[in-house]
Amino acid sequence: MITIRRLTCFDASKIKKMIAYLGTSEAVKISPFGIIHDLLPLKYKFLQEAYILFENDEILGLITVAPISGNPYKINITKLIFKQNMYNVGKQLIEFIIARYGAKGAVSFIVTVDQSHDELLELFMQGCGFRQCSYENLWKLDNFTPNSPNKANFRHCQNSDAKYVARLYNSELKNLYKPSLERIKQEYREPLFGGMTNFYKNRYVLEEPERQRIIAYLSITTNDNFNFIIDMSLNDAYQISYDEIINFALSEISSRKTNYCAFIKHRQYTKNADNFEKYLHERNLNCIQTQCVLVKDFYKQIRQAESALQIFQFGEFSSN
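As the structure is a computational prediction, the values presented were derived from the model and not from experiment.

## Examining the overall build of the chain
For step 1, the next point in the chain: Scanning the chain from N- to C-terminus turns up eight helices and 14 strands.
For step 2, the next point in the chain: A total of 320 residues make up the chain; the buried ones form 43% of that total.
For step 3, the next point in the chain: By sequence separation, contacts in the chain at least 24 residues apart represent 67% of the contacts at least 6 residues apart.
For step 4, the next point in the chain: Carbon and sulfur atoms provide 49% of the accessible area of the chain, an area that totals close to 18000 Å².

## Topic: empty space enclosed by the protein
For step 1, the next point in the chain: What the rule picks out here adds up to one cavity of 30 Å³ or more.
For step 2, the next point in the chain: Every residue along the wall of the largest cavity is listed here: Tyr169, Glu172, Asp231, Met232, Ser233, Leu234, Lys265, His266, Arg267, Thr270, Asn272 and Phe276.
For step 3, the next point in the chain: If you list the elements that add at least two residues to the lining of the largest cavity, you get strand 10 (227-234) and strand 11 (261-267).
For step 4, the next point in the chain: Among the elements that take part in the lining of the largest cavity, strand 10 stands out by supplying four residues, more than any other.
For step 5, the next point in the chain: Looking at the lining of the largest cavity residue by residue, the class counts come to four nonpolar, four polar and four charged.

## Some details on unusual backbone geometry
Among all residues save glycine, negative phi is the norm, and among peptide bonds the norm is trans.
For step 1, the next point in the chain: For Asn143, which is not glycine, the phi torsion reads 50° and is therefore positive.
For step 2, the next point in the chain: Its place among the elements puts Asn143 in the loop between strand 6 (131-140) and strand 7 (155-156).
For step 3, the next point in the chain: Here Asn284, not a glycine, exhibits a phi torsion of approximately 55°, which is positive.
For step 4, the next point in the chain: Tracing the backbone shows Asn284 in the loop between helix 8 (273-282) and strand 12 (286-297).
For step 5, the next point in the chain: With relative accessibility at 66%, the residue Asn284 sits in the exposed group.

What counts, and where the lines are drawn
- Every chain is numbered on its own, with residues counted from 1 as its sequence reads.
- With pLDDT at 70 or above as the cut-off, local features in this predicted model cover only qualifying residues; side-chain atom pairs require 80 or more to be listed or tallied, and sums for whole chains, interfaces and linings still use all residues.
- Water and hydrogen atoms were dropped before computing side-chain values, which therefore reflect all heavy atoms in the structure.
- Here a strand is any run of E in DSSP of at least two residues, a helix any run of H or I of at least four, and the numbering for each starts at the N terminus.
- Whether a residue is buried, partly exposed or exposed follows from its accessible area with a 1.4 Å probe, protein chains only, as a fraction of its type maximum: under 20%, in between, or over 50%, in that order.
- Contacts are assigned to residue pairs that have any heavy atoms within 4.5 Å of one another.
- Throughout, the Shrake-Rupley method with a 1.4 Å probe supplies accessible areas, and for residues the shown protein chains are the sole cover considered.
- Here the term cavity refers to a set of points on a 1 Å grid, laid over the protein atoms alone, in which a 1.4 Å probe fits but cannot get out; the term pocket refers to an open set having protein on both sides within 12 Å along at least five of seven lines, with lining residues being those that place an atom within 4 Å of a point.
- Grid points are joined across faces, edges and corners, and a volume is the space filled by probe spheres set on the points.
- Each residue is assigned to one of three groups, with Ala, Val, Leu, Ile, Met, Phe, Trp, Tyr, Cys and Pro labelled nonpolar, Asp, Glu, Lys and Arg labelled charged, and all others, Gly among them, labelled polar.

Honestly, it's all geometry; don't read function into it.
This is the structure in structure tokens:
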């Protein structure tokens, strides 16, 4: 009999055995607060949650999800593991997550998949109804020396900046992607339980001196305190030096770590994506990863009145 349930500490040995069988070094963290966290309403969830599919006491697959910080109704699928060629197991796990969290109030599911994984892309898009929005690239900062020794005058981002940072980010999205990828101000607030998450992020803003208007946002994120991802949102109306921004970010990392690897995130769904990519090529940096951004929106059906109403919802026709 096939069963899907939450991952517990009692499954640790079986999970390690399955991962070893697959020949991967992926690690799955089991939170000691899992049972308590599972009982929380969706709006209060903040930790990653994991579920397993097993049959005849054998674990065949695992999926992990995490609510977007500040917006628990937007769910990020962070890991999907299943035994060789058992794509049906992956499909069942994805559909379970969509049904479970959709029933709790989730409205959007997001996953990034390496563009080289054709079968996995087909599973999400053809099998589970996700659609491809755009791409995110990682460029490695190997032996990067800024042309300018100057550093941009960033300051630490505060919760009071959240509204303006969200406005900046959304204004720089290409119109085609705004419905799926827009962010709310809560996503830029410091999370209440930030110390319990499995990543660490520093956030900064750059202001226009005269008007004190935020014209750039910078984040530096790490999951292992060795690999750091630099991400930025810029107002394309201002000529802000990429060299100065990267120089500032690297100086912030190097002030805490002597040995590290740094990467730049390039989001192709922003207005300045082409100019940024041109700069990265000019600096002879290497793109080491391209991921497809896949989104599935989950909408509850509108309850129809007793009268003969005709309701058009997302292109679908229904009547009583």
